[in-house]
Amino acid sequence: MRSPRAHGFAGRGIVLAGMACTWMLAAVTGTAMAAELPDEHSADWELRTETDNIRIYTTGQPGSKFKAFKAVAMLDVPIENLMAVMINPASCTEWVHNCSESYAFGEGDFHDRFAYSVNDMPWPVADRDYVLRIRTRGARANGEVIMDLNATPDLRTESSNRIRVDRSDTLYRFIPEGDSTRMIWVQHTDPNGGLPGWLVNSLVVDIPVRSMQALEDVARAPRYQGFELVWDDEGKLVDVVRPDS
């Protein structure tokens, strides 16, 4: 086993800082369980658009007027580059379309951490903010890395000029294929407030296309080069590091 080293981004240190947040971890046990996202292999997915190497599907979600989406893309960058982006708590503003603010908070580690982000909405619609629990796992046997992001709205005080999203569940699956990576992104979000379903359902097509295009470009930036995935003796992913930093 290679020992994980404390290399990487300064913002990530916030996640690992020794803040007294035992209460937080206890709280999320009852509130951060993932909702039942649609099966990514279900026959119910409807192809909505195909742009270059990105395909977007949508499907209805029980009990919600908002659709879930599945985005599938072959990104022309190695999985190590993509994971370097994903472990940076501020990277949301670099690649997620309309993400205007993002940072880590609280106590956590590589496998289980917390982040706050803001989605910039066009005037006069109020911005939405998210409090997320992020869990990461991977297996050396197939090289895949999976991330689950679930809303935990009660862990931070609400802002008076933003609407807190209290239902959002996301799955990212990264599958290495040589020097490229297949990414599967499944998400369902209820943005709260008086947004019409047709508006949100149009965004679930536009946002993942723009975001995946940006992610591919961002992952090629020099600051995200030279990273490695670290596996333990059982073949489980334990860290993402840049050895020469």
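What this report covers is the structure whose coordinates are included nearby. Since the structure is predicted, the reported quantities are computational estimates derived from the model, not experimental observations.

**Topic: the environment of Asn-88**
- Mapped onto the elements, Asn-88 comes out in the loop between helix H3 (79–86) and helix H4 (92–95).
- Classification of Asn-88 by relative accessible area gives buried; the value is 11%.
- For the pair Asn-88 and Ser-102, spaced 14 residues apart in sequence, the C-alpha separation works out to 9.8 Å.

**Considerations on the environment of Met-147**
- With respect to the secondary-structure elements, Met-147 resides in strand E7 (residues 145–151).
- Along the primary structure Met-147 and Phe-174 are separated by 27 residues, whereas in three dimensions their C-alpha atoms are 8.6 Å apart.
- Excluding residues that lie within four positions of it along the chain, Met-147 makes contacts with Met-83, Met-86, Arg-113, Ile-134, Arg-135, Thr-136, Thr-170, Leu-171, Tyr-172 and Phe-174.

**A closer look at unusual backbone geometry**
- Within the chain, Asp-52 stands out as a residue other than glycine whose phi angle is a positive 55°.
- Residue position: Asp-52 is located in the loop between strand E1 (46–51) and strand E2 (54–59).
- For Asn-98, which is not glycine, the phi dihedral falls at a positive 75°.
- Residue Asn-98 is classed as partly exposed on the basis of its relative accessible area of 29%.

Definitions and limits used
- Residues numbered from 1 in each chain as written.
- Predicted model: local features only at pLDDT ≥ 70, side-chain atom pairs only at ≥ 80, totals over all residues.
- Heavy atoms only, no water.
- Helix = DSSP H or I, 4+ residues; strand = E, 2+ residues; numbered from the N terminus.
- Buried < 20%, exposed > 50% of the residue type's maximum accessible area, 1.4 Å probe, protein only.
- Contact = heavy atoms within 4.5 Å.

These figures come from the coordinates and say nothing about function on their own.
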